[in-house]
Structures are given as structure tokens and as C-alpha cells.
Amino acid sequence: KNPGFGNHWLKLKLIGTKSNRAAIGARIRVDITEAGKKRSIYCHVNSGGTFGASPLRKEIGLGGADSIDLLEIHWPTSGITQTFTGVKVDNCLEIREGEEQYKYFSLPKIQF
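It should be emphasised that the depicted structure is a prediction, and the values quoted were computed from it without experimental measurement. (Residues numbered from 1 in each chain as written. Predicted model: local features only at pLDDT ≥ 70, side-chain atom pairs only at ≥ 80, totals over all residues. Heavy atoms only, no water.)

### Some remarks on the side chain of Lys58
Within the fold, Lys58 resides in strand S4 (residues 58-63). The side chain of Lys58 is buried and forms no salt bridge, while Glu59, the nearest opposite charge, is found at 9.3 Å. With near-sequence residues (within four places) excluded, Lys58 lies in contact with Leu10, Lys11, Leu12, Ile28, His44, Val45 and Asn46. (Helix = DSSP H or I, 4+ residues; strand = E, 2+ residues; numbered from the N terminus. Buried < 20%, exposed > 50% of the residue type's maximum accessible area, 1.4 Å probe, protein only. Lys, Arg positive; Asp, Glu negative; His and termini not counted. Salt bridge = Lys/Arg side-chain N within 4 Å of Asp/Glu carboxyl O. Contact = heavy atoms within 4.5 Å.)

Okay, structure coming up:
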């Protein structure tokens, strides 16, 4: 088992409509407040590295942050920037390019 350290996370599944469906090239920014200090986390969707592929679903560690101040997605082809506030930690979100709302989804738990 891998119980973790009690830190928070966010999982994002991005679906392009004008940009490529896999959202490769999309840039993600997450603003959080952790222990009274604000910080931004940046990542992007890519297809992989030298010896294999990276998952297209992004898993972002948020440390001890209890909330997300801002979630921003910048899409590569269309240039659309989507901004979300009020996003809760420890959730899986599906975000479609250009849509105003995101959807929650769940992943099955695997028992070892």
C-alpha cells in the first residue's frame, strides 16, 4: 500500500475540441495558499519522454494546501484560456476546451 503523507492533490483530464483531443501542449497553472504563503504550480500536457510516454491525465500535488485559489488552462491551438475558482482539492476533474463548467469523475480503487 502507498498511503501517502496526507498531502492534497488534483487530477485533470483535459479534452480538446478545437485543439487536439489529447490536449497535448495545453498549459496548466494552479494557484494555492499553503501555510499562509501563496504559490503557483505550473505544468503542461506532453506526450512523453525518451523511454516512454507520460500519462495524458495530469496529477498535480498540492502539498498542504486546503483549497485552490485559481485553476487556469491555456489551450495550444485555439488560444482559449479557461479560468476556474472554487475548485476543491482531492478531486478528479474533466475539462473540455471552451466549456464553462468542469465535470467530476472518479477512478476505481484497486485493492492489492
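### Some words on the nonpolar core
The biggest cluster of nonpolar side chains holds 23 residues, and the ones touching the most others in it are Leu12, Leu14, Ile28, Val30, Leu62, Leu71 and Ile95. Contributing elements (two or more residues each) for this core: strand S1 (8-15), strand S2 (27-34), S4, strand S5 (68-74) and strand S7 (91-96). For Val30, the contacting residues outside a window of four places in its chain are Arg39, Ser40, Ile41, Ile60, Leu62, Ile68, Leu70 and Leu71. (Core = buried A, V, L, I, M, F, W, Y, C linked by side-chain atoms within 4.5 Å.)

### Digging into unusual backbone geometry
Located in the positive-phi region is Ala35, a residue other than glycine, with phi close to 55°. Considering the arrangement of structural elements, one finds Ala35 in the loop between S2 and strand S3 (37-44). Using a relative accessible area of 79% as the deciding quantity, one classes Ala35 as exposed. One non-glycine residue, Asp90, lies in positive phi territory at about 60°. If you trace the backbone, Asp90 turns up in the loop between strand S6 (81-84) and S7.

### Focus on the sheet that holds S2
On the basis of which strands lie adjacent, the open sheet formed by 4 strands has the order S3-S2-S5-S6 and antiparallel pairing. The open sheet has two free edges, formed respectively by S3 and S6, since each of these has just one partner strand. Across the sheet, the axes of successive neighbouring strands diverge by a mean angle of 15°, strand direction being ignored. With 4 bridges joining them, S5 and S6 adopt antiparallel strand pairing. The residue of S6 that forms the bridge with Ile73 is Gln82. (Pairing = 2+ DSSP bridges. Axes fitted to C-alpha atoms, helices over the stretch in contact; angles between N-to-C directions.)

### Brief notes about the pairing of S2
Here S2 runs beside S3; their pairing, made up of 8 bridges, is antiparallel. Residue Glu34 lies in a different strand from S3, and its bridge partner there is Lys37. Connecting S2 to the next strand, S3, in antiparallel fashion are 2 residues, including Ala35 with a positive phi near 55°. In the sheet, S2 pairs with S5 via 6 bridges, with the strands oriented antiparallel. If you follow Val30 over to S5, its bridge partner there is Leu71.

### Focus: the sheet that holds S4
Read across the open sheet, the 4 strands follow the order S4-S1-S7-S8; overall the sheet is mixed. With one partner strand each, in any of the chains shown, S4 and strand S8 (103-105) form the two edges of the open sheet. Put simply, the sheet's adjacent strands are angled 30° from each other on average, direction ignored. Strand direction decides the pairing type here: S1 and S4, joined by 5 bridges, are antiparallel. Opposite Leu10, over in S4, you have Ile60 as the bridge partner.

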